[in-house]
Amino acid sequence: MPPVATENVAPDAAKSDTSAPYLSTLPANDFSWQITLAEKVVAITGANRGIGLGIAEVCLANLATNVYSLDLMEPGEEFATLQKRYPNFQFIQTDVTSEESVEKAINHVVEATGRIDGLVANAGMTKHQPALKFERPELEQLFNLNVFGAYFCAQIAARKFIELGIKGSIVMTSSMTSYRPNRAAPSAPYGATKAAVRNMCHTLAMEWSKHGIRVNSISPGFVRTAMTYYVETAPDWDLKMQYYGGMPRLADPRELGGAYVYLLSDSSSYTSGIDIPIAGIVGAW
Ligand SMILES: NC(=O)c1ccc[n+]([C@@H]2O[C@H](COP(=O)([O-])OP(=O)(O)OC[C@H]3O[C@@H](n4cnc5c(N)ncnc54)[C@H](O)[C@@H]3O)[C@@H](O)[C@H]2O)c1
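Keep in mind it's a predicted model, so treat the numbers as computed, not measured.

Of regular secondary structure, the protein possesses eight helices and seven strands. The C-alpha radius of gyration of the protein comes to 19 Å, within 12% of the 19 Å expected for a compact globule of 285 residues. Projected onto the principal axes, the alpha-carbon positions of the protein cover approximately 60 × 40 × 35 Å. In the protein, the share of contacts with a sequence separation of at least 24, taken over all contacts with a separation of at least 6, comes to 75%.

As structure tokens, this is what we get:
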């Protein structure tokens, strides 16, 4: 197990904050420099299917000790198939819109494994319809899950990292729609939630760096999941792809996994507050 410790403590910085020791993320002298999640315990919200499940698979393939899916729905066949290959992939029923539920899940992870090293705030939803049609309850639902859910998951995980003296890593799933409109499936409120997710990482990264906690986001383009099943069925899909300007296909969720692994690993010790767009060169939208 990696040390739950205060090595690399910068004494001067520690003096300025008595609530917790300053944890430098500088790797120890004997750090292996291999990009790996060996000995790491990672919790991923919404990993029963889709992008979360893809991230889980790549974390497990890169030697994570335990990966937990914190999801609202019961696991299905895809989850069971991955769990058969990796019995250290587990499910904790969690509603990320409830702080109580998230806190219980994180405590469960720590009781079972003695630690938690990474939190991926990935659970999210969308709703596509013309901007003129949106009603307040629809916006509230999107913001409650995508923004409030991600914020409180990060806050609860960060409190646990600080309590345990662990230099934890938080990664949030934003979206390319946080940068620009998605012409194939427009949703102004969804884009706003994802911009909020991407933006909050900057300040969380700044505030929590003194605790050795890093916070980053990833912005996927089109990924083949239940959320996007319909985009390829659009009659003008082929034409859209012709003018796409990038890779004319949807991504397999696992194609995002390497970036999550990197950000969750100790190899990214000087990487915080950034977003990694993974979108096959989204072009002429
Ligand atoms: N699919 C894409 O092309 C795409 C692109 C950019 C960003 N994203 C983002 O990636 C993330 C995952 O999307 P996906 O395509 O895999 O979607 P998905 O619908 O396939 O999976 C979402 C998962 O989140 C879970 N979930 C929903 N509400 C929850 C709650 N309250 N508590 C806990 N879990 C909950 C669902 O049960 C499901 O397992 C989302 O944040 C989405 O906005 C997706």
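Of all residues adjacent to the ligand, which total 29 residues, the nearest are Gly46, Gly50, Gly124, Thr225 and Met227. No other element matches helix α2 (residues 50-61), which puts three residues into the shell around the ligand. Its residues assigned to classes, the shell around the ligand shows twelve nonpolar, 14 polar and three charged.

Its identity is not glycine, yet Glu39 carries a phi of approximately 70°, on the positive side. Mapped onto the secondary structure, Glu39 falls in the loop between α1 (11-16) and β1 (41-45).

Among the nonpolar cores identified, the biggest contains 58 residues, and Val42, Ile55, Ala56, Cys59 and Tyr260 are the most heavily contacted of them. For this core, the element with the most residues is helix α5 (residues 136-164), which contributes eight residues. Residues in contact with Cys59, not counting those within four places in the same chain, are Leu37, Val42, Ala64, Val67, Gly257, Tyr260, Val261 and Leu264.

Another point: the sheet that holds strand β3 (residues 89-93). Ordered by their spatial adjacency, seven strands build an open sheet running β3-β2-β1-β4-β5-β6-β7, and the pairing between neighbours is parallel. The strands lining the two open edges of the sheet, one partner per strand, are β3 and β7 (275-278). On average, each strand axis in the sheet is tilted by 20° relative to the strand beside it, whichever way the strands run. Note that β1 and strand β4 (residues 118-121) share three bridges and pair parallel. Note that in β4 the partner of Ile44 across the bridge is Val120.

As a further point, take the environment of Ile44. Along the chain, Ile44 falls in strand β1. With 30 C-beta atoms packed within 10 Å, Ile44 lands in the buried category. It is 9.6 Å that separates the C-alpha atoms of Ile44 and Met172, two residues lying 128 residues apart in sequence. Excluding residues that lie within four positions of it along the chain, Ile44 makes contacts with Gly52, Ile55, Ala56, Val67, Ser69, Leu70, Val120 and Asn122.

Here we take up the confidence of the model for the protein. For the protein, per-residue confidence averages 91 on the pLDDT scale, and residues scoring 70 or more make up 92% of the total. This stretch, residues 1-16, has a pLDDT under 50; its non-local contacts, to residues over four places away or in other chains, come to 26 contacts.

The N-to-C vectors of α2 and helix α3 (residues 77-85) enclose an angle of 5°; their axes lie 11 Å apart at closest approach. Overall, the two elements α2 and α3 adopt an arrangement that is roughly parallel. Counted together, Leu53, Ala56 and Glu57 of α2 and Glu78, Phe79 and Leu82 of α3 form the full contact between these two elements.

A few words now on α2. Under the 1.5 Å per step criterion, the end-to-end length of α2 is 17 Å for twelve residues, consistent within 8% with the ideal 16 Å. Within α2, eleven of the twelve residues are buried, leaving the element largely enclosed by the surrounding structure. Among all positions of α2, only Gly50, Ile51, Gly52, Leu53, Gly54, Ile55, Ala56, Glu57, Val58, Cys59 and Leu60 are buried. Phi turns positive, to about 75°, at Leu63, one or two residues after α2.

Here we take up helix α4 (residues 99-113). Relative to the 21 Å expected for 15 residues at 1.5 Å per residue, α4 spans 21 Å between its end C-alpha atoms, a close match to the ideal helical length. When we look at burial in α4, the residues that qualify are Val102, Ala105, Ile106 and Val109. Seen along its axis, α4 keeps its buried residues to an arc of 95°; they face one direction. For α4, the exposed residues set more than 90 degrees away from the buried face come down to Glu100 and Glu111. Buried residues belonging to α4 abut β1, β2 (66-71), β3 and α5. Looking one or two residues past α4, Gly114 carries a phi angle of roughly 85°, positive in sign.

Moving on, we get to the packing of α5 against helix α6 (residues 188-208). Running from N to C, α5 and α6 cross one another at 15°; their axes reach a closest spacing of 9 Å. As the angle between them shows, α5 and α6 are arranged roughly parallel. Classified by chirality, the crossing of α6 by α5 is right-handed. Note on element contacts: α6 touches α5 through Pro189, Tyr190, Thr193, Lys194, Ala196, Val197, Met200, Leu204 and Trp208, opposite Leu139, Leu142, Phe143, Asn146, Val147, Ala150, Tyr151, Ala154 and Ala158.

Rules of the game
- Residues numbered from 1 in each chain as written.
- Predicted model: local features only at pLDDT ≥ 70, side-chain atom pairs only at ≥ 80, totals over all residues.
- Helix = DSSP H or I, 4+ residues; strand = E, 2+ residues; numbered from the N terminus.
- Rg over C-alpha atoms; globule rule 2.2 N^0.38 Å.
- Contact = placed C-beta atoms within 7 Å.
- Near = placed C-beta within 6 Å.
- Nonpolar A, V, L, I, M, F, W, Y, C, P; charged D, E, K, R; others polar.
- Core = buried A, V, L, I, M, F, W, Y, C linked by C-beta atoms within 7 Å.
- Buried ≥ 20, exposed ≤ 12 C-beta atoms within 10 Å, placed from the backbone.
- Pairing = 2+ DSSP bridges.
- Axes fitted to C-alpha atoms, helices over the stretch in contact; angles between N-to-C directions.
- pLDDT = per-residue confidence, 0-100.
- Parallel < 35°, antiparallel > 145°, perpendicular 65-115°, else oblique.
- Expected span 1.5 Å × (residues − 1).
- Arc of directions from axis to C-beta.
- Left-handed = near helix turned anticlockwise from the far one by under 90°.

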